[in-house]
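Survey of secondary and tertiary structure
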Amino acid sequence: MAVGEDVARIAAAAAAFASPGESLAGVVVSEPFAGRRVYLCAYESAEGPAWLALDDEARPLDDRRAVREAASLAALCEVAEESAGGGDLPQLRAQLAELREREAPAGIEEAEEAAAALAGTIAPEPRVASTPYLDALGAASRRLEQALGEDARSPFAAAMQQALPAVEELADDVERRYKGPLQ
């Protein structure tokens with residue numbers, strides 16, 4: 001079954017867990033442990049957001065570690081996608097193409113290839129947030145940085161490091177506003 005079909009199936013099941021006045025806002029797929037998908041469901045209401053993690057059978061999870069890992073991994077993947085290529089990969093690719101046409105500097109083809117490879121690495125929504133996906137984004141981002149002459153430092157790694165407090169805050173919020181008991 002495709003990820004989109006899984007998300008639709010889980011969203012239908014997750015709607016049944018909504019409290020009165022609450023609506024399902026979205027479902028994010030995460031695979032914090034190899035082969036074990038977690039569907040992190042966000043709910044909206046006048047009282048604020050609420051969260052529920054469902055397994056592949058649409059059963060609520062009560063494993064605190066699995067829920068935190070799923071939320072953290074999903075957030076890290078989102079930050080990685082948003083940070084890739086300096087935060088605006090289509091703009092960067094357009095600038096590289098313009099630079100190639102205007103000046104044709106040495107190494108521009110390598111930079112364009114690396115930017116295209118990074119764009120190809122970013123999975124369309126819905127996608128599964130996983131450690132291999134995060135690693136692939138990191139490797140493709142680093143290849144692009146090196147093609148652009150960033151040998152010593154990694155702006156991508158710096159952006160990921162700066163995002164860690166926000167990622168932890170999200171995981172804390174998911175745990176605090178979880179729609180069931182966590183053990």
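Look above for the structure.
Read on for a plain summary of the structure. (Residues numbered from 1 in each chain as written. Predicted model: local features only at pLDDT ≥ 70, side-chain atom pairs only at ≥ 80, totals over all residues. Heavy atoms only, no water.)

1. Let's talk about the overall build of the chain
When its secondary structure is counted, the chain shows six helices and four strands. Listing the helices and strands of the chain from first to last along the sequence gives α-β-β-β-α-α-α-β-α-α. When its C-alpha atoms are laid out on the principal axes, the chain stretches across 60 × 35 × 30 Å. Taking contacts inside the chain between residues at least 6 apart in sequence as the whole, the part at least 24 apart equals 60%. Total accessible area on the chain stands at roughly 9,700 Å², and carbon and sulfur atoms take up 52% of it. (Helix = DSSP H or I, 4+ residues; strand = E, 2+ residues; numbered from the N terminus. Contact = heavy atoms within 4.5 Å. Areas by Shrake-Rupley, 256 points an atom, 1.4 Å probe, with all protein chains shown as cover.)

2. What about the nonpolar core?
Counting residues in each nonpolar core, the largest one holds 26 residues, and the members touching the most others are Ile-10, Cys-41, Ala-53, Leu-54, Val-67, Val-174 and Tyr-178. For this core, the secondary-structure elements that each account for two or more residues are helix H1 (3–15), strand E1 (23–33), strand E2 (36–44), strand E3 (50–54) and helix H2 (64–83). Among the elements that make up this core, the one with the highest residue count is E2 (six residues). Excluding residues that lie within four positions of it along the chain, Leu-54 makes contacts with Ile-10, Ala-14, Phe-17, Arg-37, Val-38, Tyr-39, Cys-41, Arg-59, Pro-60 and Leu-61. (Core = buried A, V, L, I, M, F, W, Y, C linked by side-chain atoms within 4.5 Å. Buried < 20%, exposed > 50% of the residue type's maximum accessible area, 1.4 Å probe, protein only.)

3. Looking at the pattern of salt bridges
Under the criterion given, the structure shown has 20 salt bridges. Taking the shortest distance from any N to any O, the salt bridge between Lys-179 and Glu-22 comes out at 2.5 Å. Of the two residues, Lys-179 is situated in the segment after helix H6 (155–176) and Glu-22 in the loop between H1 and E1; the sequence distance between them amounts to 157 residues. With its nearest N and O atoms 2.7 Å apart, the salt bridge here joins Glu-101 to Arg-100. With a relative accessible area of 62%, Glu-101 lands in the exposed category. Beyond isolated ion pairs, a larger network of salt bridges with shared partners links Asp-6, Arg-9, Glu-31, Arg-37 and Asp-56. (Salt bridge = Lys/Arg side-chain N within 4 Å of Asp/Glu carboxyl O.)

Structural measurements only, silent on function.
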